[in-house]
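Each chain, written out:
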Amino acid sequence: MHKFFAKPLFLGKKVVFLTQCHSTNDELASWVKKEHIPEGALVHTNHQLSGKGQRGNTWVDQPCKSLLFSILLKPIFLPIKSQHLLNLITGLAVLETVKEEVNGDLKLKWPNDIYLNEKKVGGVLIENNIKAGKIESSIVGIGLNLNQEVIEVQNATSLYLESGTRFDRIDFLERILMSLESWYLKLKDYRYSEIENIYLKYLLWKGELHMFQDKDSRFLGKIKGINETGKLIVERDNIDQTYDIKEIQFIY
Ligand code: BTN
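Residues numbered from 1 in each chain as written. Predicted model: local features only at pLDDT ≥ 70, side-chain atom pairs only at ≥ 80, totals over all residues. Heavy atoms only, no water.

Caption draft 1: The site of the ligand, seen in detail. Around the ligand there are 20 residues in total, and Ser23, Gln48, Lys52, Gln54 and Lys120 lie nearest to it. Within the backbone of Lys52, an N or O atom sits 2.7 Å from an oxygen atom of the ligand. Contacts to the ligand include Asp113, whose side-chain N or O atom sits 3.5 Å from an oxygen atom. The fraction of the free accessible surface of the ligand (410 Å²) that becomes covered by protein chains is 98%. Of all elements in the fold, only helix H1 (24-34), strand E3 (51-52), strand E5 (66-73), strand E8 (119-131) and strand E9 (134-145) reach the threshold of two or more residues within the shell around the ligand. Looking at the shell around the ligand, the element that brings in the most residues is E8, giving 4 residues. (Near = heavy atom within 4 Å. Polar contact = N/O pair within 3.5 Å; in protein donor to acceptor, adjacent residues only side chain to side chain. Areas by Shrake-Rupley, 256 points an atom, 1.4 Å probe, with all protein chains shown as cover. Helix = DSSP H or I, 4+ residues; strand = E, 2+ residues; numbered from the N terminus.)

Take a look at the structure:
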């Protein structure tokens, strides 16, 4: 395995590759605890034994078929109330990289699942370490289904299944790093509304009437956008309601 990624400026300059591990997010977190490591440090693997997803779910992979990696960011410049922007830029970086390679309908399901032709192709799990009111470090974990020929998870797909093309994992990873780097620099430049506007362009189900579930019931609603802290705004019976990640489910 190579020692670092040459093309990005500061992401992926320090790299650990593991043939398998429990979770790249956990590996990176324990590395951060042990020593001082630079922003952009990366852990990637061929296979996770207990990959973590959002809402306490697991992320299941087939060895050597997908991208499974975590990157360390240190966004101390980012106000805590704007931490959702990390989700937005990561989703956008993955989506844009996929868009360069595959034709199809690409969307971001709030907050940052990557959907291709209405099926999930990738996911992001960000774990922030907040100290003294600042985001001291952020572990950005990305899973992307590249070359799977069969996917057993319901409503999920791979780039191979949608395009018939096989992808080089390291090359793809390097492209995501370059895209994420340029989005991260926009974030550092406080270009928040530009980021949000592009994100909204890709937001799945935006402006359409669909079925949702909250803690009380199923209801028909229309996604209007996100608020200043990244919560989802859904119009329901002509009233705008906001939801956090654990408070709403999309019903297909
Ligand atoms: C989701 O859609 O639920 C988020 C999935 C995130 C999976 C990635 S794979 C690499 C990194 N390590 C983990 O344990 N999870 C993330």
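Picking up after the structure, the text goes on.
Caption draft 2: Region of the structure containing the sheet that holds E9. Here we have 7 strands laid out as an open sheet, ordered E1-E2-E5-E9-E8-E7-E6, and mixed in their pairing. Two strands close off the open sheet at either side, each with one partner strand: strand E1 (15-18) and strand E6 (106-109). The mean inter-strand angle of the sheet, taken between neighbouring strand axes irrespective of direction, is 15°. As paired strands, E6 and strand E7 (residues 113-116) are joined by 4 bridges and run antiparallel to one another. By the bridge assignment, Lys109 is partnered in E7 with Asp113. Sheet strands in contact with H1 are E1, strand E2 (42-45), E5, E8 and E9, and its direction is about 30° off that of E5. (Pairing = 2+ DSSP bridges. Axes fitted to C-alpha atoms, helices over the stretch in contact; angles between N-to-C directions. Contact = heavy atoms within 4.5 Å.)

Caption draft 3: Representation of the packing of aromatic side chains. Enumeration over the complete set of coordinates arrives at 10 aromatic pairs. On the basis of an interplanar angle of 85° and a centroid distance of 5.6 Å, the ring pair of Phe167 and Phe172 is categorised as edge-to-face. Owing to a relative accessible area of 10%, Phe167 belongs among the buried residues under this scheme. Here the aromatic rings of Tyr190 and Tyr192 are separated by 5.9 Å at their centres, their planes lie at 55°, and the arrangement is tilted. Among the residues examined, Tyr190 registers a relative accessible area of 51% and is labelled exposed. What makes Tyr192 buried here is its relative accessible area of 18%. One aromatic cluster is present, formed by Trp205, Phe212, Phe219, Tyr243, Phe250 and Tyr252 through successive ring pairs. The ring of Phe250 has Lys109 sitting right over it, with the charged end atom 4.8 Å from the ring centre. Against the face of Phe10 rests Lys188, its NZ or CZ located 6.0 Å from the ring centre. (Phe/Tyr/Trp six-rings, centres within 6.5 Å; stacked < 30°, edge-to-face > 60°. Buried < 20%, exposed > 50% of the residue type's maximum accessible area, 1.4 Å probe, protein only. Lys NZ or Arg CZ within 6 Å of the ring centre and 35° of its normal.)

Caption draft 4: Just the sheet that holds strand E13 (residues 239-243), in detail. As summarised here, the arrangement of the 5 strands in space is E13-E12-E11-E10-E14, forming an open sheet in which the pairing is antiparallel. Looking along the sheet, the strands with just one partner apiece sit at the ends: E13 and strand E14 (249-251). Sheet twist, expressed as the average angle between the axes of neighbouring strands with direction ignored, equals 50°. Pairing geometry for strand E10 (residues 209-213) and strand E11 (residues 218-226), over 5 bridges, is antiparallel. Bridging from a neighbouring strand, Met211 pairs with Leu220 of E11.

Caption draft 5: The state of the cysteines, seen in detail. A full pass over the atoms with the stated rule returns 0 disulfides. Just so you know, Cys21 is unpaired, no disulfide at all, and the nearest cysteine sulfur is the one on Cys64, 13 Å from it. Assessed through its relative accessible area of 5%, Cys21 is described here as buried. (Disulfide = S-S within 2.5 Å.)

Caption draft 6: Layout of the pairing of E8. In this sheet, E8 lies alongside E7 in antiparallel orientation, the contact comprising 3 bridges. By the bridge assignment for E8, Leu116 is matched with Lys119. Connecting the antiparallel pair E7 and E8 is a turn made up of 2 residues, with Asn117 showing a positive phi of about 50°. Alignment of E8 against E9, held across 10 bridges, turns out to be antiparallel. By the bridge assignment for E9, Gly123 is matched with Gly143.

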